[in-house]
Amino acid sequence: MEPESGFQSSSRLSQFSWVNLSKNLLLAYQSFGVVYGDLSTSPLYVYSNTFTGKLQNYRNEEAVLGVFSLIFWTFTLLPLIKYVFILLSADDNGEGGTFALYSLLCRHAKFNLLPNQQAADEELSTYKYGPSANVATSSPLKRFLEKHKRLRTALLVVVLFGACMVIGDGVLTPAISVLSSVSGLKDTESKLTKGELLLLACVILVGLFALQHCGTHRVAFVFAPIVIIWLLSIFSVGLYNIIYWNPRVIYALSPHYIIKFFNQTGKDGWISLGGVLLSITGAEAMFADLGHFTAMSIRLAFAFVIYPCLVVQYMGQAAFLSKNVNSVPNSFFLSVPDPVFWPVFVIATLAAIVGSQAVITATFSIVKQCHALGCFPRVKVVHTSKHIYGQIYIPEINWILMVLTLAITLGFEDTTLIGNAYGLACMTVMFITTFLMALVIIFVWQKSIFLAASFLLIFWFVEGVYLSAALIKVPQGGWAPLVLSVIFMLVMYIWHYGTRKKYNYDLHNKVSLKWLLGLGPSLGIVRVPGIGLIYSELATGVPPIFSHFVTNLPAFHKVLVFVCVKSVPVPYVSPDERFLIGRVCPRPYRMYRCIVRYGYKDIQRDNGNFENNLIQSIAEFIQMEAVEPQFSGSESSSLDGRMAVMSTRTGQSSLSLVVFEQDSFPLDGSIQSSKSLTLQSLRSVYEDENPQNRRRQVRFQLPQNTGMDPSVREELLDLIQAKEAGVAYIMGHSYVKARRNSSYLKKLAIDIGYSFLRKNCRGPAVALNIPHISLIEVGMIYYV
C-alpha cells in the first residue's frame, strides 16, 4: 500500500503545483491590463520629452545612444532589480504599497501612534509574517526610534506623503495617457482643433472612470488583450528597426555610453533626466497593486514579457534615431514602418487609455489601507471579486479622482507640463519606498544595518539624481502633484490627529470599575430583557458615555456587551481569530466585552451573522471560563488577561449549542411579550422595504446536559433569552471640540478640519453596517 500512497501524494502535489501555476498565469494575464498599461506606453513620449530644451543642440548619434543606455540601465536597476527582485519579497501577506511596509514596521517595532494595540494582537497568525519579532534583538536604533514620539510622527508623515503622491499619480496618469492618445489626431487629415481634442479627452476620461465600478477583474479581462497586442507590436517594430537601421545599437547596452553622454552634454544632460525617468513611470504600480494579484504573477509578466518587449522597443527607436536625428519630436510614430502605421496607431491609442488603469486601482488600495490604519475618513469600500480578495472599488474616491483629472487636463492642456508633474510624483514615491524598504531590511528581515545602508545609498543615489532633475521643473507643472499631495496629506493627518485625540479622551475618562461595582448587579436601574451592544473605540475599560446611560436612563438591557471594532496592522484577520471575548464585571452583572478585529485588507461585510457569531462566542467563553485551568495551556485559545480568542465558526465551537435556522418562524408568546406589537410591525415593514438587510432567524437552545454547572447554565439561559428578546445597537454620537485654552492651530485642526471631515464622511453606524431600526444614538461632547 505504501507505494500507492506515495504515488497519490506525488500526484496531489503535482496537481497542486499545476493549479498554482495556472492561477498565477491567469493573474499574470490580467495584470497586463491593470498593472502594466502605463509602463508599456512610455515609449510614446520618452525620447521626445528627453530631447527638449538645450538638449536639442546635441541631436547626434552618440547622444541618442547615450540616452538609450540611460533608459536601459534605469529600467534594469529600478523596475527589475529594486521592485521585481527585492520589493515584491517585502509584501505584507500579499499586500503591497507604502502602507504595507509601514504596517510591517509597526508590528516589528512600536512605531504605531494609536494606543489601542494589545498583546493578543501579536498572537494573530498573520501578525508574525516573516522572521519572528521575538527573535529580534532590541537594537539601539529601534529603541531610539521607539523612545522619540516626534520621530514616529515624522515617519507617519513621510508614509502619508508617499501615499498622497500615489493618489496624485491617480490624477495625473489618466490625464497624460488620454491626452497623449488623442493628440495623435493632430497629424491626421481631419486635423482637430485644440478645443475639440480636449473635449474628446474629457469624454474618454469620464467613460474610463465610469467603468471602474465593474471591478478590476472585469476591467482587466477587457484591457489585457489590448496591452498584450500593443507589447507584441512594439517588440516587432523595435526588432525591425534594430535590424534595418543600426544593428550596432546593441553596443549601447554598455554603461560606457552614459559616461560619454554626460561628458558631451554636461548640465544639459542632467536636466534631460526628467524625460528619461518617464520610462519607469508606472513601476510603483507593480508594488501598490500587489493586493490585486500575486508576487509570482507580476514577476512572470514583467520578466518574460514586459522587460524584453520594452528594451527591444527603446533599442529600436534609438537605432532609428541614430540615422534620423531630426525625427525626435515624433520619434515613435515615424519609426513605425508605413504598411503597419494605422494598426499600430489605433492600438497605441487604446493602450494609452488603458495606461491610466494601473494607478487608479493602486489609488483604491492605498486609500483603503490609509482608512484601515486610522489615517483617512470613512468611505464606502466595495469588494468586486469573489476570488481575489484585494480587488476593491471606492465610489467617493473614484469621482474625486475624475473631477481632479478633468481639472488637470483642462488646466494644463499640454502633455509636456503634465509629464513634468507626473515624473516628479513617481520619483518621490520611489524615493520614499526605498527609505521604508531600508527600515524593513533592518527591523523586519533583521539584516545588518550595513546591508540596509548599502541598499539605501545605491538606490537613493540613482533616484536622487532623477529627483533633482525633476525638481528643476517644479515651475513648469511640477507644482501640481505637490499641491495635491499637501491637500490630501492635510486631510489624512487631521483625521489621524482627531482620531488619536478622541481615543486618548476615552482612555483618560474611563468609567471606574469601583463605581460600577458599588452600584451592584442591577447598576441601580431596572434591567429589562434583551442585549445591548454598546459600541466604543476603547479596547480596554468602560467608555465614559456609559455613565450617561446609567445616570439618565430608567432601564437598561439585562445583557450588556461593550463592542470595540478595531483595525490591527495586519492585512487580514482569520474568522477564527476575529472575536476577542472577555468579562467586564463579576458574573451576576452580565456584562461582557467583545473586540472585533479587522486587518487593513479586510472588508467589513454585513452578512447577517454578526449577532449569532457574537452570542456563540460569548456562550463559549462562559463555558471555557468555568473550566479555565484546563484551557490556559490550550492552543485553541490564547488569553490576554480575562480575554480569550474565540472561534466564530459554529462547527469548531466547544459549546454544543443547539441552533435552529430558518428564514422566518412564527413569533411565539414569549417573544411577543418582550417586544411590542408596534415594534414587530415596524421591523417587518423595514425588512420588506430592505430585503437585502433581512437576516436569517436563528434560535439557540441548551442541550439537556445534567453535568453542567448550575451557575453556568443559568448564565447561558439568560444569554439565550436576551437574544430572543432582541438586540439593540447603542452608539455615542460624539462632537469633538478643542479646549478653550488650546492653541489656535489645534482649534483650527479640531473645530474646523476634523469636525468638517466627520460631518461629511460616512457615519460609524453606516460604516459598521448597523441596522438603522435597532440603532440608539446618544450625543456627547468631547473636549480634547
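- Per an unreviewed UniProt entry, the protein chain is named Potassium transporter, and its organism is Erythroxylum novogranatense.
- Regarding the protein chain, the relevant UniProt record gives this comment under Sequence similarities (unreviewed entry): "Belongs to the HAK/KUP transporter (TC 2.A.72.3) family."
- Under Function (unreviewed entry), UniProt gives the following word-for-word description of the protein chain: "Potassium transporter."

## Concerning the pattern of salt bridges
Argument step 1. Enumeration over the complete set of coordinates arrives at eight salt bridges.
Argument step 2. Notably, a salt bridge pairs E715 with R583, separated by 2.8 Å at the nearest N-O pair. Linking E715 in helix α28 (residues 710-725) with R583 in strand β5 (residues 579-583), this pair joins segments that are 132 residues apart in sequence. We note that E715, like R583, is buried.

## Description of the side chain of S536
Argument step 1. The residue S536 is located in the loop between β3 (526-535) and α23 (545-552) in this model.
Argument step 2. Looking at S536, its side chain comes within polar contact range of the main-chain nitrogen of L538, at 2.9 Å.
Argument step 3. With residues up to four places along the chain from it excluded, the contact list for S536 reads P543, V563, C564 and V565.

## Comments concerning the environment of V584
Argument step 1. Turning to its location among the elements, V584 is positioned in the loop between β5 and β6 (591-599).
Argument step 2. As for V584 and T540, which are separated by 44 residues in sequence, their C-alpha atoms are 9.3 Å apart.
Argument step 3. Residues in contact with V584, not counting those within four places in the same chain, are L513, V542, F562, M591, Y592 and R593.

## Things to note about helix α24 (residues 610-626)
Because each turn of an α-helix spans 3.6 residues, side chains separated by three or four positions in sequence point in the same direction.
Argument step 1. End to end, α24 covers 25 Å across 17 residues, agreeing with the expected 24 Å (1.5 Å per residue, within 8%).
Argument step 2. Among the 17 residues that make up α24, 14 are buried, leaving the element largely enclosed by the rest of the structure.

## Some words on the environment of L334
Argument step 1. Mapping L334 onto the fold places it in helix α15 (residues 331-334).
Argument step 2. In this structure, the C-alpha to C-alpha distance between L334 and N324, residues 10 residues apart in sequence, is 9.6 Å.
Argument step 3. Residues in contact with L334, not counting those within four places in the same chain, are F320 and S327.

## Some points on unusual backbone geometry
Argument step 1. Even without a glycine there, the phi angle at L523 is positive, about 60°.
Argument step 2. Here the phi dihedral of R590 falls at roughly 55°; this positive angle occurs in a residue that is not glycine.
Argument step 3. For R590, a relative accessible area of 9% translates into the label buried.

## Notes on the packing of aromatic side chains
Argument step 1. Applying the stated rule across the entire model yields 27 aromatic pairs.
Argument step 2. A centroid spacing of 6.1 Å and a plane angle of 20° characterise the contact between F435 and W460, whose relative ring orientation is stacked. In this pair, F435 is assigned in helix α19 (residues 415-443) and W460 in helix α20 (residues 449-471), connecting sequence segments 25 residues apart.
Argument step 3. By the ring-pair criterion, three or more aromatic residues cluster together here, those being F32, Y36, F75, F302 and Y307.
Argument step 4. The ring of Y257 carries the charged tip of K260 above its face, separated from the ring centre by 4.9 Å.
Argument step 5. Above the ring of Y782, the side-chain terminus of K502 is found at 5.0 Å from the ring centroid.

Cut-offs and rules
- Residues numbered from 1 in each chain as written.
- Predicted model: local features only at pLDDT ≥ 70, side-chain atom pairs only at ≥ 80, totals over all residues.
- Heavy atoms only, no water.
- UniProt positions renumbered as here; feature names shortened; annotations may be inferred.
- Salt bridge = Lys/Arg side-chain N within 4 Å of Asp/Glu carboxyl O.
- Helix = DSSP H or I, 4+ residues; strand = E, 2+ residues; numbered from the N terminus.
- Buried < 20%, exposed > 50% of the residue type's maximum accessible area, 1.4 Å probe, protein only.
- Polar contact = N/O pair within 3.5 Å; in protein donor to acceptor, adjacent residues only side chain to side chain.
- Contact = heavy atoms within 4.5 Å.
- Expected span 1.5 Å × (residues − 1).
- Phe/Tyr/Trp six-rings, centres within 6.5 Å; stacked < 30°, edge-to-face > 60°.
- Lys NZ or Arg CZ within 6 Å of the ring centre and 35° of its normal.

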